Amino acid sequence: MGLLKAAGEGTRLRLLALLSDGDHSVKDLTEILRQSQPRVSRHLKLLADAGLVQRNAEGAWAYYGLAAGGEGAELAQWLITRVDDADPERKRDCERQHAVRAAQQEQAAQYFAKVAGSWDLLKTLHVPESAVEAAVVEALEGRVVELLVDLGTGTGRMLEVLAGSYKRGVGIDASREMLAVARSRLANAAIGHAQVRLGDIGALDASVGPADVIVIHQVLHYFDDPGRMLAQARRLLKPGGQIVIVDFAPHNLEFLRQEHAHRRLGLSRSQMETWAAAIGMEVDLAREFPSDNGENGLTVCLWRLNDKN
């Protein structure tokens, strides 16, 4: 730590080390460092201005993480590798960080318990998720891409399942409560190369990309116009990129629209092919996973869209 303190400033080095384990809010960092909010915010601003960290706003809050690229990111990584994890101050920071995350996980678990009833009901209507998750992994064909974006990330499950398939992952969701669950999930799984952000996936910020792969898992049925949503996603893709979609096949379970906010009662392959063609893409992989519940069940579909150009 002595060498690092000579090269920079003690608190800022502690912040970099903490952020190497995942994103944190200013509130988190003040609790961990036991320093005032203005002091921590000032250090974070200096780090952000230097390109060592990046700030992602969520309403009145902001989350900080290590910079994803550039000279600042390289310097931050170089500094972090030289932090002595046996240093007493560093050990105390890690202990407090663990306590903060444990409290957040408990809060997220309480929220998830409130919605578990509806989630559990939906799970009984379709094929076990493990089969679909394995198919999503297979759809990436063993590649490790630079950037994967998960739209409507929810609890962050896709970022966890695909953690070995990307160098950097970003999940976007409009629910702060779900993002709390996702952050707890990623931290618990020690997935430090993914982050989640608050955002409207119906009006995407182009700065999120460009992505090699976009995942849209059980999201499109919440949109009146899935084609418009796909057009938004297309603008985030690199040339030659892919979109992997998981959703339900057409069905007649009207209660899902009335009680669970589904706008579309499933999506057909012909619809997906039409939407893909409209944005210069094509469906090159389509798989179905029928439920064992017959007419009362849901068939889950997986589509992979490839850039035609």
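Here the structure is shown first, and the text comes after it.
Procedures and definitions
- Residues numbered from 1 in each chain as written.
- Predicted model: local features only at pLDDT ≥ 70, side-chain atom pairs only at ≥ 80, totals over all residues.
- Heavy atoms only, no water.
- Buried < 20%, exposed > 50% of the residue type's maximum accessible area, 1.4 Å probe, protein only.
- Helix = DSSP H or I, 4+ residues; strand = E, 2+ residues; numbered from the N terminus.
- Expected span 1.5 Å × (residues − 1).
- Pairing = 2+ DSSP bridges.
- Axes fitted to C-alpha atoms, helices over the stretch in contact; angles between N-to-C directions.
- Contact = heavy atoms within 4.5 Å.

Participant: Requested: an account of unusual backbone geometry, with residues and values cited.
Facilitator: Not every positive phi belongs to a glycine, and Arg34 is a case in point at roughly 60°. In this structure, Glu141 takes a positive phi of about 55° despite not being glycine. What makes Glu141 exposed here is its relative accessible area of 54%.

Participant: Tell me about helix H9 (residues 176-188), and name the residues and values.
Facilitator: With 13 residues, H9 extends 18 Å from end C-alpha to end C-alpha; this agrees with the ideal 18 Å at 1.5 Å per step. Within the sequence span of H9, burial applies to Met178, Leu179, Val181, Ala182, Arg183, Ser184 and Leu186.

Participant: Explain the sheet that holds strand S10 (residues 300-307) to me, and be specific about the residues and the numbers.
Facilitator: A sheet is described by the order of its strands in space; here seven strands give the open sequence S6-S5-S4-S7-S8-S10-S9, paired in mixed fashion. Looking at strand neighbours, the two that pair on one side only are strand S6 (194-198) and strand S9 (281-289), the edges of this open sheet. For this sheet, the mean angle separating the axes of adjacent strands, direction not counted, is 15°. Sheet topology note: the strand S4 (residues 145-151)/strand S7 (residues 211-217) ladder contains four bridges and is parallel. Along S7, the bridge assignment pairs Asp150 with Val215. Contacting strand S8 (237-248), S9 and S10, helix H7 (residues 129-139) crosses the sheet at an angle of about 150° to S9. Along the sheet, helix H10 (residues 226-234) contacts S4, S7, S8, S9 and S10; its crossing angle with S8, the most-contacted strand, is approximately 145°.

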